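One-letter residues, chain by chain:
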2 protein chains.
Amino acid sequence: MAKTEGPLILDGARVARDIKERLAERVNLLAERGITPCLATILVGDDPASATYVRMKGNACERLGMESRRIQLDRSTTTEQLIAAIRELNEDSSVHGILLQHPVPHQIDERAAFDAIRIDKDVDGVTTLGFAQNAFGFAAYPSCTPAAIMAILDDYGIPIEGKHAVVVGRSPILGKPVSLMLLNRNATVTVCHSKTQGLADIVGSGDIVVAAVGKPKFIRGDWIREGAVVLDAGYNPGNVGDVDYEECLLKAAAITPVPAGVGPVTIATLLKHTVDAAERIGSA
Amino acid sequence: MAKTEGPLILDGARVARDIKERLAERVNLLAERGITPCLATILVGDDPASATYVRMKGNACERLGMESRRIQLDRSTTTEQLIAAIRELNEDSSVHGILLQHPVPHQIDERAAFDAIRIDKDVDGVTTLGFAQNAFGFAAYPSCTPAAIMAILDDYGIPIEGKHAVVVGRSPILGKPVSLMLLNRNATVTVCHSKTQGLADIVGSGDIVVAAVGKPKFIRGDWIREGAVVLDAGYNPGNVGDVDYEECLLKAAAITPVPAGVGPVTIATLLKHTVDAAERIGSA
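Here we summarise the structure given alongside this text. (Residues numbered from 1 in each chain as written. Chains lettered and ligands numbered in written order. Predicted model: local features only at pLDDT ≥ 70, side-chain atom pairs only at ≥ 80, totals over all residues. Heavy atoms only, no water.)

1. A look at the packing of aromatic side chains
No. 1: Here the structure, examined in full by the defined rule, presents eight aromatic pairs over all chains.
No. 2: A ring pair is formed by Phe136(B) and Phe138(B), whose centres lie 6.4 Å apart and whose planes are at 40 degrees; its orientation type is tilted.
No. 3: Note on Phe136(B): relative accessible area 16%, which makes it buried.
No. 4: Phe138(B) gets classed as partly exposed once you look at its relative accessible area, which sits at 40%.
No. 5: Through pairs of rings, three or more aromatic residues link up here, namely Phe131(A), Phe136(B) and Phe138(B). (Phe/Tyr/Trp six-rings, centres within 6.5 Å; stacked < 30°, edge-to-face > 60°. Buried < 20%, exposed > 50% of the residue type's maximum accessible area, 1.4 Å probe, protein only.)

2. Re the sheet that holds strand E6 (residues 188-192) of chain A
No. 1: The mixed open sheet is built from twelve strands, whose spatial order is E1(A)-E9(A)-E8(A)-E7(A)-E5(A)-E6(A)-E6(B)-E5(B)-E7(B)-E8(B)-E9(B)-E1(B). Two strands bound the open sheet, and with one partner strand each, they are strand E1 (8-9) of chain A together with strand E1 (8-9) of chain B.
No. 2: Relative to strand E9 (residues 254-255) of chain A, strand E8 (residues 229-232) of chain A is paired through two bridges, and the arrangement is parallel. Note that in E9(A) the partner of Val229(A) across the bridge is Ala254(A). (Pairing = 2+ DSSP bridges. Helix = DSSP H or I, 4+ residues; strand = E, 2+ residues; numbered from the N terminus.)

3. As for the interface of chain A and chain B
No. 1: Contacts between chain A and chain B engage 29 residues on the former and 29 residues on the latter.
No. 2: The contact between chain A and chain B buries some 2,500 Å² in all, and 66% of this surface belongs to carbon and sulfur atoms.
No. 3: The interface formed by chain A and chain B contains zero salt bridges.
No. 4: Put simply, chain A and chain B have 15 residue pairs in polar contact (both at pLDDT 80 or more) between them.
No. 5: Going through the elements one at a time, helix H5 (128-135), helix H7 (175-184) and E6 of chain A are the ones with two or more residues in the side of chain A that touches chain B.
No. 6: The leading source of residues in the side of chain A that touches chain B is H5(A), at six residues.
No. 7: Looking at side-chain class alone, the side of chain A that touches chain B contains 14 nonpolar, ten polar and five charged residues.
No. 8: Bridge analysis of E6(A) against strand E6 (residues 188-192) of chain B gives three bridges, and the strand direction is antiparallel. Residue pairing across strands places Val191(A) opposite Val189(B), the latter belonging to E6(B). (Contact = heavy atoms within 4.5 Å. Buried area = accessible area lost by both parts, 1.4 Å probe. Salt bridge = Lys/Arg side-chain N within 4 Å of Asp/Glu carboxyl O. Polar contact = N/O pair within 3.5 Å; in protein donor to acceptor, adjacent residues only side chain to side chain. Nonpolar A, V, L, I, M, F, W, Y, C, P; charged D, E, K, R; others polar.)

4. Some thoughts on the sheet that holds strand E4 (residues 97-100) of chain B
Strand pairing in a sheet is mediated by backbone hydrogen bonds. Such pairs are either parallel or antiparallel.
Residues and elements named next belong to chain B.
No. 1: Strand order in the open sheet made by the three strands is E3-E2-E4, with parallel pairing throughout. Single-partner strands in this sheet number two, and they are strand E3 (67-73) and E4. Averaged over all pairs of adjacent strands, the angle between their axes in this sheet comes to 20 degrees, without regard to strand direction.
No. 2: On the sheet, helix H2 (residues 48-63) packs against strand E2 (38-44), E3 and E4 and is oriented at approximately 160 degrees with respect to E3.
No. 3: Docked against the sheet, helix H3 (residues 79-91) engages E2, E3 and E4, running at close to 175 degrees with respect to E2. (Axes fitted to C-alpha atoms, helices over the stretch in contact; angles between N-to-C directions.)

Structure, rendered in structure tokens:
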């Protein structure tokens, strides 16, 4: 039977605006103390999508009265050169947060580069140590997209405790950390991936479904349980998420659109972490 | 219908013996180089069960020709005093592995104490950083009980990839790391806990069930799917696991007994990590 009422569209653009409004006040208070929160972004190479993401993040900083320092490195940069650039930013007391745009070119040891970021400037939540702090529930800066997903759930007052959350994807910066965050909030969590058998049935058992796969329209409407909450962390070429939005709209109780869902809240979370870092470092 | 054939009893005592036999050769090779692998154990207070565990680990070292250094601290020890004792062992080049027996008395910040252990001596796999390295699949010393569970599965050639593993428990040294290890081996993993709703049904959907709850005979036979593989990481007073062994025996395809299941393999894993550390430090 078709649902007569439409689902709740989880408006990430509005959630992000609210976060940024609260941040604007804190940026003003920091300005009175002579502190401008500064996010350094590092882009290695010239991948157009990556360049766009970095630009969006830098612009978002500047619109909020924050500083954005943009480091552009040649696509042939070595791991050692990249780590040297990161170390310089670690030492620079005017830089409060460091974001290494990924993926990085293949010759670079991405994990080594992430882990070169000082933990108190790891506002993107990519370090190995930060991952575990988040897994144990005491990270200063959890990975931004997982944190954005939790922020949306909380903004809309969607209950998590005791619910069955199904996470599709297991990357170190998205699937794994969001699974652990949902677990720490007392969801029962199932993590699925490319080797999962019977994926549709498992997704269909989820009260909360998080799509973090990187494949356009991968999650189909007939997989979703009637009344599920669907969070789409995917962002594929053509402004398409990992969820077949039109199909899932017919089944879900609540759903994030793409664009204007998880994406803007991820950027707002990055800004929030950078302001947090500026307040911490500024008051140290 | 009752099963006519009995399940496979996963003989942890035998798996542990095999591991220790292989270790004995490596201990001999180290002895030729003048190196005796040394595990330092720290016991705070006089809890009889903890004292027994520490003694078992120390004795297991000595039976293998390894050294065991036993540090006994008063039950009123502060976090600072404990960390000072750990730092001394960190600096002591004759000590290759450090084990802090837990739980520690309530006045101690257990997490801070764990994280005072140098990562290259964290043979018990309890540090925050070690947890994340394990989550990402490159830890030198994963938490011992999870590693023991994986060793038993591998010893018996039990397939993991594509299977649905249900882990009951989410502690930082057992439920969470074993979930991530199963995930890294391509199982689909569901993590359950005290707030899980419909626990019996979820356990019943598991091809592999790991009990890490700390409640005697908590997992009942009628929860288990016919043909499941059941791993019992519990060890409760009276030599009873977290699984109702007699009941589950009638349903499982394979099951670990308690005692002589996961426990002895956990100790063998600790010894193995200590020998690994002695080889690494010895050759540095």
